[in-house]
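Listed below are the residues making up each chain.
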Amino acid sequence: MGALKLTVLILAWGGIIIVLGRGFSVNRLLLAVSNATGFAAGVAVGALLLSTLQGDASFAVAKAVLSALFLLHWLVSLAALYRSTGEGTTVERFQKMSNNPLSAACCSIAVGILAGTICSFRFIPQGGEVPLLTVVIVGFSGVCLTAFFFGVEQFVPKMPVPTAEVLMAIVVSFILFASSSIPRLDLFSPLVMKVMKLIHDIVHQFFESMLIPDHLFFRPEVWNYIGLLFGNRVGLWGGMLIWFTPVLLVAAAIRLERLPSVAHIRQGAERRTLLKAHIRERRTRLVAPLIAGVMLAAAVFQSRFPAVEYWDPKPLKVAATPSGSIFIPLTGEIDLKDGKIHKFLFKERGRDARFMVLQNSAGGYTVTLDACSICKPDGYGQTEGAVICYYCKTLIPLETVGKPGGCNPVPVPFMMEKNGIAIDGAALLNLWGITVQATNRVKGAAR
Amino acid sequence: MQRNRWQFHLVIRALAYRRGRTFLLIAVLSMAASLATALGIVSLTMEKRVAEEIRKYGANLIIMPEKARISIGSGGLNFGEFSEATYLNQVKTEDAIIRSGIQLEHSLHLSGTLRRGAADILVEGVNFEVIRRLFPWWHIQGSWPNGAEAVIGSRLAARLGIKVGEELELLGVAGVVRPRVAGIVNTGGEEDDLLYLALPELQQVSGRSGQLTLVRLLVTAGGERLKTAMDRLGPLLSGAVVKEVRQVARTSEGLLAKVKLLMMLATVVVLISAGSSVAGTMSASILERGKEIGLMKAMGGGRLNILLLFCGEALLLGVTGGITGYLIGNVIALFIMQTVFAAPPGFISWLVWASMGVSLFLALAGSAGPLVSVFRLDPVRSLRGE
Amino acid sequence: MMDVLIETRGLTRNYGEICALKPLDLRVNNGEWLSIMGHSGSGKSTLLNLLGGLDRPSDGFIRVGGEDLRVLSEDGMARYRREFVGIIFQQHHLIPYLTAVENIMMAQYFHSVPDEAEARTALERVGLGHRLKNRPGELSGGEQQRVCIARAIINSPRLLLGDEPTGNLDHGSTRVVMELLSELRAEEQFTIIMVTHNHEVAAWGDRTIYLDDGVMVREELKGD
């Protein structure tokens, strides 16, 4: 599993280097050095962030930077589409930039810093002292890889000259591919979540302001369609739309670009031959956005099916006392004080409910359902510093487990007793029932 | 003109030129595709309905009076004609359930009609507390009723124009009730057509104190325990029978299996004959067009290029056949469902892809042979007309 | 301009036991107009098919414009046909479901990309500006043959092959077609090789060769 993630990072870095090497026609050594420097600096930056900022903040910062990059990618591709309809080809415009050593170096360093930071987030543990040895090893191997891939670059078949926006699309896609291998840096899942929430909010607003209480206005079939809007699918497709649009825009920009004029050639056959060659050349230039699209798709795949092993204990069956309450001792068969989630399954009269108990960093306890109020009750698994909803792949930081809302696990009221936790069985069953009413399935024991 | 558009144009022109043959091919393809579609729609709809029926009962055993009739088809229990209806004794039944010693939950039901204004309304008496616990799919708009309040099914509510909070006046054999409508239930099933009252109230107003029409039992865990429960309950009840809910659905399952088999056979026969007729028509067409192909080769058309044009024709035929087949298939399914099952067919949009797949497969498989001969054709001979 | 375009040595074509073309040595210069005459079955069409890249020789050497036709692959032959050769047939083979313009665009399509404006101009050039949207069935024999000529030269071939192009035409139409060919040749400077029965038609050429039973029996230069 670890090897796989390492491969992802190496692949991404290799891809970035080869693309930069192809994109900039300046001295190879200059590119290599600035790439390597950027990477080393990135690793240092990452280490510094991780050691100085508390909790989720370092990840938040990195994610903010990535989001900004993605946004910039959006803007650049919009601009590209706009410009493609105008005069002159973007290829010519890019030549200048591509030949300028300063811009090449700046780009390489910036990309290197980003890549280095992402790598450091993968290898350096959060908080505490900076583990100097790890930093040095990561930085050094990054530099070695840079040299290696510049060697490989010479054997890679010649790609058609990319334009600035194509270069950006490819580099961004590789960076997002790398970052998606680290669940806490992944951009796609939060994007899906945001889209889902936005749609929820809009639909709710709509009904609150206009149609409630007159629900009967709609037939049940219509309600089914409205229900569709709340599905996880909508969030996923909406997220994908936002995710892939820039690359599609870049591809469209290439496709819409005017072909060089062939009108000066008098002879028809010759003119058409040249035209065909131009069309073919333009088509080969579409390979670059295609690669970017594939990388983005790979990022989505990693985000949906993260190659991370979760802490996910098999739910322990518990029974209620005659008075109807469930008592879970703090120590005993299961030690609740280890900061991990512990799952329990409560069955009574053919109804069941799955819940989990977690000790938070402050030493207190939270009891929640193993389900949230939006998704299908596929449950949660625990990763480093967070739990993840198996259904929508949203990461919920451990600090916020126990708070209601969104895809957070639904809190269960409980009583703290001397040496254990008491939960009202009936209330638990009802809460579970209400929460998962839509699907009405409990797969607890099977898990 | 762009190359792609030109290719499309060529394919359309070629197909339009041989109009009769094109229509014939599309007809054959769509016939095959439509049968496959109809088969898919009928079996999927019916399977879903059977599953839904089982689910809708919620309970997996029911106790009903010996003479009450069950009919299935229009989506659930039909409580027969009430003049003939017989009733369960509530006390005896509950006693039997307790004596059987089986761990189970039960819900008591009494059905009847009450008169509202000039119309009769089907009313069911239930215990709302039990309903709420056992039938979690009851989706209530408004609130669950307290005391003398009622819950109305969504379709009935829409039909009668009844809103939450309205007070109804219902006339029974033994009195009048004036329940307030607390909520509207929507399950998508037969519940949507009924009015629900508290059981004691209905018993009183319809003069059937202590009488029931149906008891639904929820035995947790399946198979063996269901059987034991039936065996143990049966002897304890007099004048009543215990039935597995699955039994009720089995009738339509059997019919479905037969219809499916029949359609499957028909589809296989049609697929084979359609496949061979497509192959025949296509190869005749290619033979006839030998000169044209030879000419294209003489003009410098590459083999792949020419193949592409002919594949384009097959693809277009296949897609068209698939889409028309899907539409016709829906009509066939409607016909079958209405004549055999007396129920509307479901609308299954993804079957359009299945239909297209069948049609495309036939079109391409049928033209595979002729296409190979396109590949091999010698321009000199074909131009000479050999 | 007197460089050699076509050169064959010992060119042979057998159909099983039958020898359609016996070892033939032939040289055709660039820009020349060569007429081939002979009875049916004399091997003249076979020779034309070999030169047009429609058929492969059983033996011998054939080189056209520096291209050795024996070593070309199937796709190489197709490329040779579309870029190098234009062919006019006796039975003006046109695609029946396409209009005149579209028939020409078909040749453009196989060559590179269809260009409707250019195809129109080409038809106007052969005097069919008023028949652009007519299908072959609606055109007379002479008109059809003119469409074929326009199609044959649309890709600026270096070699134009005619297989009895006037075989099915009346006297008037023959004259129109031959004059057209002559004019076009003056403009575009392609080489013409034309098989014919008709002495009058053959006389349009710079040189005439006579084939009999697969053997070249006589050669006549213009003015002989």
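Residues numbered from 1 in each chain as written. Chains lettered and ligands numbered in written order. Predicted model: local features only at pLDDT ≥ 70, side-chain atom pairs only at ≥ 80, totals over all residues. Heavy atoms only, no water.

Caption draft 1: Up close: the packing of aromatic side chains. Residue and element names in this part refer to chain A. Tallying each qualifying case throughout the model produces 10 aromatic pairs over all chains. Ring centres of Trp13 and Phe39 lie 4.9 Å apart, and the angle between their planes is 40 degrees; on these two criteria the pair is classed as tilted. A residue pair is termed long-range when its members are at least 10 positions apart, and Trp13 in helix α1 (residues 2-23) and Phe39 in helix α2 (residues 28-52) qualify at 26 residues. Of the two residues, Trp13 and Phe39, neither departs from the other in class, the shared state being buried. Ring geometry for Phe59 versus Phe121: centroids 5.1 Å apart, planes at 75 degrees, classification edge-to-face. With Phe59 in helix α3 (residues 57-84) and Phe121 in helix α5 (residues 101-123), the pair connects residues that are 62 residues apart, well separated along the chain. (Phe/Tyr/Trp six-rings, centres within 6.5 Å; stacked < 30°, edge-to-face > 60°. Helix = DSSP H or I, 4+ residues; strand = E, 2+ residues; numbered from the N terminus. Buried < 20%, exposed > 50% of the residue type's maximum accessible area, 1.4 Å probe, protein only.)

Caption draft 2: Inspection of the interface of chain C and chain B at higher detail. Each partner contributes residues to the interface: chain C has 30 residues there, and chain B has 31 residues. Summed over both partners, the interface of chain C with chain B buries about 2,700 Å², with 64% contributed by carbon and sulfur atoms. Its largest share of buried area at the contact with chain B, chain C owes to Tyr97(C), Tyr109(C) and Phe110(C), together 28% of the area lost on that side. Counting every contact that joins chain C to chain B gives 2 salt bridges. Among the ionic pairs, Asp75(C) bridges to Arg303(B), the shortest N-O distance being 4.0 Å. Summed over the shared surface of chain C and chain B, the number is 11 residue pairs in polar contact (both at pLDDT 80 or more). Ranked by residue count, the leading element in the side of chain C that touches chain B is helix α3 (residues 100-111) of chain C, at 6 residues. (Contact = heavy atoms within 4.5 Å. Buried area = accessible area lost by both parts, 1.4 Å probe. Salt bridge = Lys/Arg side-chain N within 4 Å of Asp/Glu carboxyl O. Polar contact = N/O pair within 3.5 Å; in protein donor to acceptor, adjacent residues only side chain to side chain.)

Caption draft 3: Region of interest: the sheet that holds strand β1 (residues 316-318) of chain A. Residue and element names in this part refer to chain A. The strand order across the open sheet built from 5 strands is β1-β3-β4-β5-β9, with neighbouring strands paired in mixed fashion. Since the sheet does not close on itself, it has two edges, and those belong to β1 and β9 (409-411), each with one partner. Sheet twist, expressed as the average angle between the axes of neighbouring strands with direction ignored, equals 40 degrees. One ladder, built from 7 bridges, connects strand β3 (residues 342-348) with strand β4 (residues 351-359); its direction is antiparallel. Bridge pairing in β4 links Glu348 to Arg351. (Pairing = 2+ DSSP bridges. Axes fitted to C-alpha atoms, helices over the stretch in contact; angles between N-to-C directions.)

Caption draft 4: Just the state of the cysteines, in detail. A complete count under the given rule lists 0 disulfides over all chains for this structure. We note that Cys106(A) lacks a disulfide partner, and the nearest cysteine sulfur, in Cys107(A), lies 7.0 Å from it. (Disulfide = S-S within 2.5 Å.)

Caption draft 5: The arrangement of the pattern of salt bridges in detail. By the definition in use, this model includes 38 salt bridges over all chains. The partner of Glu116(C) in a salt bridge is Lys133(C), and the shortest N-O contact between them spans 3.3 Å. Taken together, the residues Glu116(C) in helix α4 (residues 116-125) and Lys133(C) in the loop between α4 and α5 (141-153) connect sequence positions 17 residues apart. Given the relative accessible area of 23%, Glu116(C) is considered partly exposed. Each of Arg271(A), Arg272(A), Asp115(C) and Glu118(C) takes part in one network of salt bridges that share partners.

Caption draft 6: The arrangement of the interface of chain A and chain C in detail. Each side of the interface is counted separately: chain A has 9 residues, and chain C has 9 residues. Both faces combined, the contact of chain A with chain C buries some 730 Å², and carbon together with sulfur accounts for 51% of it. Broken down residue by residue, the surface that chain A buries against chain C is led by Ala269(A), Arg272(A) and Lys276(A), which jointly contribute 65%. The tally of links from chain A across to chain C stands at 3 salt bridges. Between Asp115(C) and Arg271(A) there is a salt bridge, with its nearest N and O atoms 3.7 Å apart. Remark: the boundary between chain A and chain C carries 6 residue pairs in polar contact (both at pLDDT 80 or more). Within the side of chain A that touches chain C, the residues separate by chemical class into 3 nonpolar, 3 polar and 3 charged. (Nonpolar A, V, L, I, M, F, W, Y, C, P; charged D, E, K, R; others polar.)

Caption draft 7: Spatial organisation of empty space enclosed by the protein. Tallied over the entire structure, the rule returns 13 cavities of 30 Å³ or more. What the largest cavity holds in volume is close to 130 Å³. Around the largest cavity, the lining comprises 14 residues; the ones closest to its centre are Met299(B), Val85(C), Gly86(C), Ile87(C) and Ala152(C). If you list the elements that add at least two residues to the lining of the largest cavity, you get α9 (290-298) of chain B together with α2 (74-84), β6 (85-88) and α5 of chain C. (1 Å grid on protein atoms, 1.4 Å probe; cavity = no way out; pocket = protein on both sides within 12 Å on 5 of 7 lines; lining within 4 Å. Points joined across faces, edges and corners; volume = space filled by probe spheres on them.)

Caption draft 8: Summary view of the sheet that holds strand β10 (residues 415-417) of chain A. All names here are of chain A. Ordered by their spatial adjacency, 3 strands build an open sheet running β2-β11-β10, and the pairing between neighbours is antiparallel. This sheet does not close on itself; its edge strands, each paired only once, are β2 (325-329) and β10. Ignoring which end each strand starts from, the neighbouring axes of this sheet average 25 degrees apart. Running over the sheet, helix α13 (residues 425-435) touches β2 and β11 (420-424) and is turned about 65 degrees from β11.

Caption draft 9: Representation of the pairing of strand β5 (residues 365-372) of chain A within the structure. Residue and element names in this part refer to chain A. Burial of β5 is extensive: 8 of the 8 residues sit out of reach of the surface. Sheet analysis places β4 next to β5, joined by 5 bridges and oriented antiparallel. Note on β5: the bridge partner recorded for Phe355 is Leu369. Following β4, the chain reverses through 5 residues before pairing antiparallel with β5; Gly363 in that reversal takes a positive phi of roughly 100 degrees. One ladder, built from 2 bridges, connects β5 with β9; its direction is antiparallel. Its bridge partner lying in β9, Cys372 is registered against Pro409.

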